[in-house]
Structure formats: structure tokens, C-alpha cells
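Single-letter residue listing:
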Amino acid sequence: MLHVRVDLISKTIMAMNKVKVNSDIELKDRLVAINRVTKVTKGGRTFTFAAIVVVGDGNGVIGWGLGKAGEVTAAIAKGVEAAKKNLVKVPVLKGTIPHEMESRFGGAQVFLKPAAAGTGLVAGGAMRAVLESVGIKDVLAKSKGSSNPHNLVKATIEALSQMRDAYTVAGTRGISMDKVFRG
């Protein structure tokens, strides 16, 4: 029951952070992983490619997409189009995140922690691609459990989309910024 409630809350927060694609948003795409899938038929082997792609503007907007096609370039293009359809807004404060966050998707579990300026991006693989695309410069990140890039990307974006800065918290609770920090 508790797990279902947490999932419902996280989906509600993600829905609030959705971003529409405009012509004024300059999105850069990054290829996270590519997978060659072989299907054996009586005529021989058929190869298809699945590409997971992350797009971001480097200023707090991020999205991911999965493209499947017979050629690598077509799979990447499909992934970029899919990524543009599910963009979310993420709070980025002075090149880092507002607070610690832990999230999981499938077997992948991620932990994100804000870092001081100059620390750099301490993250690996799929998490690094997501954090660079969103525009985060200083963060400490750890992935636990599965290293599957699909689930890592989804868990990282879920963790980022659940973050709230102090201004958003004050607005939601209907209190002043001073009261948020001092209690």
C-alpha cells in the first residue's frame, strides 16, 4: 500500500514538471547506449538496433527516449523524437541540485547528493549523460543495484524530477521563504 502511494506521488510530481516543446528551446542530444538485437529466422539473421537517447538544454530541462530501427542512425533519430515528447523541468541551483535524493526504477537504484562548487560531476555511465544534459556541474552520485542503462536513466530522471527548490516548497505550503529555512 505504501509503495503504491509513493509511486502515485512521484507520478503526480512528474506530471507537474512536464515541459512542452517550443522552438525557442535548444535541445542537445546524447547517446547513452546502443543495443544490437539479433532475430534468427529461416532466411538467416536479422539485426535491429535499439538506442536510448537523452536530450537536454543544459538549463534544467531533460527527457529520454528509446528508438528502435534497422539502422543505427534511424534508431538514434527515433530516440531523439521520443525524448522530445517527455521533457521534464528540474531545479538546478548554482550548478548543483537542491537536496539529496534517492530513487529506484526496476533493479536500478540511484543516490544523488549536492556538492560544493568545483567538485565536478562524480557519476558514471548513464547517470553522467543525464546529469550533463540537464546542466548539473557539481554533484556526487552513486548507482546501486542493476547497471542496466535503461533503468539507470529512468531512475535518475525520476530522482531529478522529484526534487523541489525552496521557492517551490514555499509556494506549495503557502508560507514565506524565511519560514521554510527557519521553521
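Look above for the structure.
Residues numbered from 1 in each chain as written. Predicted model: local features only at pLDDT ≥ 70, side-chain atom pairs only at ≥ 80, totals over all residues. Heavy atoms only, no water.

Undergrad: Help me understand the pattern of salt bridges in this model?
TA: Side chains carrying opposite charge are able to pair once their charged atoms draw close together. All told, the structure shown has 3 salt bridges when counted by the stated rule. The partner of K144 in a salt bridge is E102, with the nearest N and O atoms 3.9 Å apart. Taken together, the residues span a long stretch of sequence, with K144 in strand β9 (residues 139–145) and E102 in strand β6 (residues 101–105) at a distance of 42 residues. The class of K144 is partly exposed, set by a relative accessible area of 35%. Residue E102 is classed as partly exposed on the basis of its relative accessible area of 41%. Of the charged contacts, one joins E132 and R128 as a salt bridge, the two residues approaching to 3.5 Å between their closest N and O atoms. Taken together, the residues E132 and R128, both in helix α3 (residues 125–134) and 4 residues apart, mark about one turn of the helix. (Salt bridge = Lys/Arg side-chain N within 4 Å of Asp/Glu carboxyl O. Helix = DSSP H or I, 4+ residues; strand = E, 2+ residues; numbered from the N terminus. Buried < 20%, exposed > 50% of the residue type's maximum accessible area, 1.4 Å probe, protein only.)

Undergrad: When you look at the pairing of strand β2 (residues 28–41) in this model, what are you seeing that I'm missing?
TA: Successive residues of a regular strand alternate their side chains across the two faces of the sheet. Here β2 pairs with strand β3 (residues 44–56) via 13 bridges, running antiparallel. Counterpart to K28 in the pairing with β3 is G56. Connecting β2 to the antiparallel partner β3 that follows it, the hairpin turn spans 2 residues. (Pairing = 2+ DSSP bridges.)

Undergrad: Help me out: how do you make sense of the nonpolar core in this one?
TA: Nonpolar side chains in soluble globular proteins generally cluster together in the buried interior. If you look at the biggest cluster of nonpolar residues, it comprises 27 residues, and the most contacted ones within it are I62, L112, L131, I136 and L160. Mapped by element, the contributors of at least two residues to this core are β3, β7 (108–114), α3, β9 and α4 (149–161). Looking at which element gives the most residues to this core, the answer is α4, with 6 residues. With near-sequence residues (within four places) excluded, L131 lies in contact with L112, L121, A123, I136, V139, A141, T156 and L160. (Core = buried A, V, L, I, M, F, W, Y, C linked by side-chain atoms within 4.5 Å. Contact = heavy atoms within 4.5 Å.)

Undergrad: So what exactly am I meant to see when it comes to helix α5 (residues 166–173) here?
TA: At 3.6 residues per turn, the α-helix brings residues three or four places apart onto the same side. Turning to α5, its buried residues are A166, V169 and A170. Summarising the axial view, the buried residues of α5 lie within an arc of 100°, below the 170-degree limit, and thus occupy one face. More than 90 degrees from the buried face of α5, the exposed residues found are Y167, G171 and T172. Tucked into the core, α5 has its buried residues touching α6 (177–182). Of the residues flanking the end of α5, it is G174, one or two places downstream, whose phi is positive at about 70°. (Arc of directions from axis to C-beta.)

Undergrad: What should I look at first to understand the sheet that holds β9 in this one?
TA: Picture the strands of a sheet paired through backbone hydrogen bonds; they go either parallel or antiparallel. An order of β6-β7-β9-β8 is seen for the 4 strands of this open sheet, with the pairing classed as mixed. Each having just a single partner strand, β6 and β8 (121–122) make up the two edges of the open sheet. Here 5 bridges tie β6 to β7, and the two strands are oriented antiparallel to one another. Bridge pairing in β7 places F105 opposite A108. Relative to β9, α3 is tilted by about 145°, and along the sheet it contacts β7, β8 and β9. (Axes fitted to C-alpha atoms, helices over the stretch in contact; angles between N-to-C directions.)

Undergrad: Where do I start with the packing of α3 against α4 in this structure?
TA: Helix packing geometry: the angle between the two helix axes and the distance between the axes. Where α3 meets α4, the axes come as close as 8 Å, and the angle between the chain directions of the two elements is 40°. Here α3 is positioned oblique relative to α4, judged by the angle of their axes. Crossing handedness for the pair α3 and α4: right-handed. Within the contact between the two elements, α3 uses A126, M127, V130, L131 and V134 and α4 uses P149, L152, V153, T156, I157 and L160. Classifying every residue of the contact of α3 with α4 gives 10 nonpolar, 1 polar and no charged. (Parallel < 35°, antiparallel > 145°, perpendicular 65-115°, else oblique. Left-handed = near helix turned anticlockwise from the far one by under 90°. Nonpolar A, V, L, I, M, F, W, Y, C, P; charged D, E, K, R; others polar.)

Honestly, it's all geometry; don't read function into it.
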